[in-house]
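Below, each chain spelled out in residue letters.
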Amino acid sequence: MAKKRTKSKPKTKSVKKGFSFKLSKQNKIIFGSLLVLLSIALFFSFISFYLTWQDDQSLLHEFSNRNQQAKNLLNKFGASISHFFMYQGFGLSSFIFPFLICITGLYMFLGITKKGLLSKWIWGFVFVIWFSISFGFFAASRPLMGGLIGYEMNDFLQDYAGRIGVLLLLLFGLTIILVRLFKLTPDGIVTYFKERKKSVVSEFNSSNEETRDDDTGSVVFEKEDTSPIVLDTYTHKKDIPKLPKEPEEQLELNIIEEEVIEEDILEMKVEKVTVEKEENKNTADKLVADHGEFDPTLELGHYKFPTLDLLDQHGANTGITINKEELEENKNKIVETLKNYKIGIAQIKATIGPTVTLYEIVPEAGVRISKIKNLEDDIALSLAALGIRIIAPIPGKGTIGIEVPNKNPSTVSMRSVIASKKFQNSDMELPIAFGKTISNETFVVDLAKMPHMLMAGATGQGKSVGLNAVLTSLLYKKHPAEVKFVLVDPKKVELTLFNKIERHFLAKLPDSEDAIITDNTKVINTLNSLCIEMDNRYELLKLAMVRNLKEYNTKFKARKLNPNDGHKFLPYIVLVIDEFADLIMTAGKEVETPIARLAQLARAIGIHLIIATQRPSVNVITGIIKANFPARIAFRVASKIDSRTILDSQGADQLIGRGDMLYTQGNDITRIQCAFVDTPEVERVTDYIGSQRAYPDAYLLPEYVGEDSGTGLDNNISDRDIMFRDAAEVLVIAQQGSASLIQRKLKLGYNRAGRIIDQLEAAGIVGPFEGSKARQVLVPDMLALDQLLNNEKN
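Note that the structure is predicted; figures quoted are calculated from it, not measured.

**Student:** Describe in detail the overall build of the protein chain, supporting the description with residues and values.
**Tutor:** Looking only at helices and strands, the protein chain has 26 helices and 15 strands in total. For the protein chain, with 794 residues in total, the buried portion stands at 41%. Considering only intrachain contacts with a sequence separation of at least 6, the fraction spanning at least 24 residues in the protein chain is 66%. Carbon and sulfur atoms make up 56% of the accessible area of the protein chain, which amounts to about 47,300 Å² in all.

Below you can see the structure in the form of structure tokens.
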């Protein structure tokens, strides 16, 4: 211990001997007070200089003559030092120097750490130079404003850059000062004014509420001694004795104390959450200010939307030809037919559509609507026309409508619908232009608000063209980053044209080769994969604390969601199934269950379903599906029963076909002529999109591992049924694997036959379950069966 002390002594001595620039506390106080007083002296001498500089000009060279006195407040010292700074230096901006010297003195006098003092001097010099040049520029005729340095620097810069160049340099310098020193940004200015506006509005509202509270006071009836009469709310009597005051006051005191404690705890929690939200908001605002909002279309930034030239203009012109003779003839026949049944008409007018003309009738007083509706077939007979439909009454109008097909219907082209202002200017999330209504208006709806659509119609009535119109509308309006399609085409020929835009717009399973699904087993896996995608998206929405996909993407674009936490931009997904009846026949519940799940839950996370079918019978469109598909489209169907199945009302059986359709979204039914888009047009559009730069691969859905169709039993020979070999021989001879065949041939019950089928599948004799189809027999003949069973024994 003694040795350690002897070693430490010389080290302390060497430190004491070294030279140090640090001032002691007393010296700091002295030197700091000197700088403060010097700054005050400079300040008053500078002020005095502007009042006395002309009188003191002659004394500047006679500083040593004690008989001469200057008029400056600090005499000759003030006149000389102010002349040096104000005239020969920087002019008015020299007032910054006393300020900087005073701050330095205060730092030393009060013993404050000098952190930040150097930056104040640097910014002080920047201000001195900028103000000096500015005064020299704007007040060149008054050299005392900017000083000699400001005047000369301004003159030097004007010789090379001119007045405009100097002005731009001054503005650039001001920008640097505002941004770097005052942290001023355009977003900050906008936010400030918004907050000011909110505070003014809140103050105005609070003042209005106070005045309203004063105006709407309660009425109190008073006695002569001005004490109010309190009426009991139950008995409405006034002579009920009051409760004693002391317990009431004590109770109020306890309640107030509890409320104050609860409010304090609540305020602490709210304050903590508010601070966290403010920090996240500031981070997001900074990211947006530095990099701008996130742009999902940036990866395909040069993507060009399809042009209108790719679509054909079907028909001679876009307008509707009005045949006055036909209108007058139909009107007279309607009036005459109703007159024969003693139904008077007060007024009739016609609205001409592309394929149908609507005659609106106002019947005379006392005429029953049902009487006119029952004459539907008679009116059709008198007009000699098909597809007459009576709307009694027209919703929202006090009239009865009779829809009569035109003799020369005009074709509604997809080009005219896409080019319409209603479609081009729509701000919908997923706009679909179906065609034109009876009043010749373009009919545009938002798929995101439907949110799912059911489409039905007999073969050749325009169902596939309607699907092409839906897909074409979305291709013309949405970027590949904003929407993806999952296309299911059991017929294998309707949607094959969209293969060309696989890497732009289509979504598929990770292990599938073709994006357009034609195999029913892959349809089941895809639907279950979409259910997984739905659950994943809901998890992201929960973490982001938003309710739907639009709010989530808006928050993500504003950089308020961290991609490191799994957040990403989520495109809309549109599932299109062309022939739903075929899927139900082959897969049944395996398809219906995931579709019902998606229809019930997928609306909020941007997955929308479009299902088309030829045969809208009850066993195809079940109650569960219908309940979740409020938007329905009916092309012409064969019977009234089919019309009621799809629309819950008749009318679809009276359509004229070729794109004539009825649309309902749960309330009114609208008759529309679907826009016609031909196969070559779709091909040109897909070729145009497919020729552009695309993503590396299609949008990949989550991987789904399907459960085995069998029971999962081990191939244990000891657990097999006694009739196992007999059943195997029956199936191999018949080359048809079904439980009903075993039941008939071996006279077994259904449960036992089902267990044997499972054991045969585990042994590799029959294939997996394939819905309503019989299982495939994997063993070709009896010889192969004997060899297989003998190998198992060995």
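Next comes the rest of the account.
**Student:** Could you give an account of unusual backbone geometry, naming the residues involved and the relevant values?
**Tutor:** At the junction of Met-450 and Pro-451, the peptide bond is cis and its omega measures out at 0 degrees in the coordinates. Examined against the element boundaries, Pro-451 turns out to sit in the loop between strand 6 (442-446) and strand 7 (453-456). Of note in the backbone geometry, Lys-342 takes a positive phi value of approximately 60 degrees without being a glycine. Here Lys-342 is to be found in the loop between helix 9 (324-340) and strand 1 (345-352). What makes Lys-342 exposed here is its relative accessible area of 76%. Phi angles above zero are rare outside glycine, and Lys-747 is one such case at about 55 degrees. Checked against the element boundaries, Lys-747 lands in the loop between helix 24 (739-746) and helix 25 (750-762). By relative accessible area, which is 76% here, Lys-747 ends up exposed.

**Student:** So what's going on with the sheet that holds strand 12 (residues 631-634)? Which residues, and what values?
**Tutor:** Reading across from one edge, 6-5-14-13-12-7-11-10-8 is the order of the nine strands in this open sheet, with mixed pairing throughout. This sheet does not close on itself; its edge strands, each paired only once, are strand 6 and strand 8 (483-488). For this sheet, the mean angle separating the axes of adjacent strands, direction not counted, is 30 degrees. Pairing geometry for strand 5 (residues 431-437) and strand 6, over five bridges, is antiparallel. Residue Ala-433 lies in a different strand from strand 6, and its bridge partner there is Val-444. Along the sheet, helix 16 (residues 520-544) contacts strand 8, strand 10 (572-577) and strand 11 (607-613); its crossing angle with strand 10, the most-contacted strand, is approximately 155 degrees.

**Student:** With reference to specific residues and values, describe the packing of helix 2 (residues 25-52) against helix 3 (residues 75-87).
**Tutor:** Remark: helix 2 packs on helix 3, axes separated minimally by 9 Å, with the N-to-C direction vectors making an angle of 75 degrees. Comparing the axis directions of helix 2 and helix 3 gives the class roughly perpendicular. Between helix 2 and helix 3, the contacting residues are Leu-42, Ser-45, Phe-46, Phe-49 and Tyr-50 on the first element and Gly-78, Ile-81, Ser-82, His-83, Phe-85, Met-86 and Tyr-87 on the second. Grouping the constituent residues of the contact of helix 2 with helix 3 by class yields eight nonpolar, four polar and no charged.

**Student:** Mind laying out helix 5 (residues 117-138), listing which residues take part and the relevant values?
**Tutor:** The end-to-end C-alpha separation of helix 5 is 31 Å, in line with the 32 Å expected for 22 residues at 1.5 Å each. Turning to helix 5, its buried residues number three or more, namely Leu-117, Gly-124, Phe-127, Val-128, Trp-130, Ser-132, Ile-133, Ser-134, Gly-136 and Phe-137.

**Student:** I'd like a rundown of the sheet that holds strand 1, residues and numbers included.
**Tutor:** Taken together, the four strands give an open sheet; going across it, the order is 1-2-4-3, and neighbouring strands pair in antiparallel fashion. Either end of the sheet is taken by a strand with one partner, and the two such strands are strand 1 and strand 3 (389-391). Neighbour to neighbour, the strand axes of the sheet diverge by 20 degrees on average, direction disregarded. In terms of strand pairing, strand 1 meets strand 2 (residues 356-363) through seven bridges, oriented antiparallel. Each residue of the ladder has a partner; that of Ala-350, found in strand 2, is Tyr-359. In the packing of helix 9 onto the sheet, contacts are made with strand 1, strand 2 and strand 4 (400-405), and the angle to strand 2 comes to roughly 40 degrees.

**Student:** Before we move on, can you summarise the nonpolar core with the specific residues and values?
**Tutor:** In this structure, Phe-434, Phe-485 and Phe-580 are the most contacted members of the largest nonpolar core, which totals 111 residues. For this core, the element with the highest residue contribution is helix 16, accounting for nine residues. In this view, Phe-434 contacts Phe-443, Val-445, Met-450, Met-453, Val-470, Ile-633, Met-661, Tyr-663, Ile-672, Gln-673, Cys-674 and Ala-675; residues no more than four positions away in its chain are not counted. Ala-727, Ile-742, Val-777 and Leu-785 belong to the second-largest nonpolar core, a separate cluster that totals 22 residues.

**Student:** So what about the side chain of Glu-360? Which residues, and what values?
**Tutor:** Summarising the element assignment, Glu-360 is placed in strand 2. Given a relative accessible area of 5%, Glu-360 falls into the buried group. For Glu-360, the side chain forms a polar contact with the side chain of Thr-399, separated by 3.3 Å.

**Student:** Describe in detail the confidence of the model for the protein chain, supporting the description with residues and values.
**Tutor:** The share of residues in the protein chain with pLDDT of 70 or more is 81%, and the mean pLDDT across the chain is 79. Of all helices and strands in the protein chain, the one with the weakest mean pLDDT is helix 1 (residues 2-17) (44), whereas strand 10 scores best (95). Predicted confidence for residues 211-253 stays below pLDDT 50, and this span has 14 contacts to residues more than four positions away or in other chains. Overall, residues 708-713 carries pLDDT values under 50, and its contacts beyond four positions in sequence, including any with other chains, amount to six contacts.

**Student:** An account of the pairing of strand 12 is requested, with residue identities and associated values reported.
**Tutor:** Because side chains alternate across strand 12, one face comprises the buried residues Ala-631 and Ile-633, and the other comprises Arg-632 and Ala-634, equally buried. Here strand 7 runs beside strand 12; their pairing, made up of four bridges, is parallel. In the strand pairing of strand 12, Leu-454 is matched with Arg-632. In this sheet, strand 13 (residues 660-664) lies alongside strand 12 in antiparallel orientation, the contact comprising three bridges. Along strand 13, the bridge assignment pairs Ile-633 with Tyr-663.

**Student:** I'd like a rundown of the side chain of Ser-413, residues and numbers included.
**Tutor:** By the element assignment, Ser-413 lies in the loop between strand 4 and helix 12 (414-418). Reaching out from Ser-413, the side chain makes a polar contact with the side chain of Gln-313 at a distance of 3.0 Å. Apart from residues lying up to four places away in sequence, Ser-413 is in contact with Asp-312, Gln-313, His-314, Ala-675 and Phe-676.

**Student:** Outline the packing of aromatic side chains, listing residues and values.
**Tutor:** All told, the structure shown has 20 aromatic pairs when counted by the stated rule. On the numbers, 5.6 Å between centres and 55 degrees between planes, the contact of Phe-46 with Phe-85 is tilted. In this pair, Phe-46 is assigned in helix 2 and Phe-85 in helix 3, connecting sequence segments 39 residues apart. Of the two residues examined, Phe-46 and Phe-85, each falls in the buried class. Relative to Tyr-160, the ring of Phe-156 lies with its centre 5.2 Å away and its plane at 55 degrees, an arrangement referred to as tilted. Separated by four residues within a single helix, Phe-156 and Tyr-160 lie in helix 6 (residues 143-181), roughly one turn from each other. When sorted by exposure, Phe-156 lands in the same class as Tyr-160, which is exposed. Put simply, the rings of Phe-43, Phe-44, Phe-46, Phe-84, Phe-85, Phe-90, Phe-95, Phe-97, Trp-121 and Phe-125 pair up and form one aromatic cluster. In this structure, Arg-163 packs its charged tip against the face of Phe-137, placed 4.3 Å from the ring centre. Cation over ring: Lys-477 sits above Phe-423, and NZ or CZ is 5.5 Å from the ring centre.

What counts, and where the lines are drawn
Residues numbered from 1 in each chain as written. Predicted model: local features only at pLDDT ≥ 70, side-chain atom pairs only at ≥ 80, totals over all residues. Heavy atoms only, no water. Helix = DSSP H or I, 4+ residues; strand = E, 2+ residues; numbered from the N terminus. Buried < 20%, exposed > 50% of the residue type's maximum accessible area, 1.4 Å probe, protein only. Contact = heavy atoms within 4.5 Å. Areas by Shrake-Rupley, 256 points an atom, 1.4 Å probe, with all protein chains shown as cover. Pairing = 2+ DSSP bridges. Axes fitted to C-alpha atoms, helices over the stretch in contact; angles between N-to-C directions. Parallel < 35°, antiparallel > 145°, perpendicular 65-115°, else oblique. Nonpolar A, V, L, I, M, F, W, Y, C, P; charged D, E, K, R; others polar. Expected span 1.5 Å × (residues − 1). Core = buried A, V, L, I, M, F, W, Y, C linked by side-chain atoms within 4.5 Å. Polar contact = N/O pair within 3.5 Å; in protein donor to acceptor, adjacent residues only side chain to side chain. pLDDT = per-residue confidence, 0-100. Phe/Tyr/Trp six-rings, centres within 6.5 Å; stacked < 30°, edge-to-face > 60°. Lys NZ or Arg CZ within 6 Å of the ring centre and 35° of its normal.

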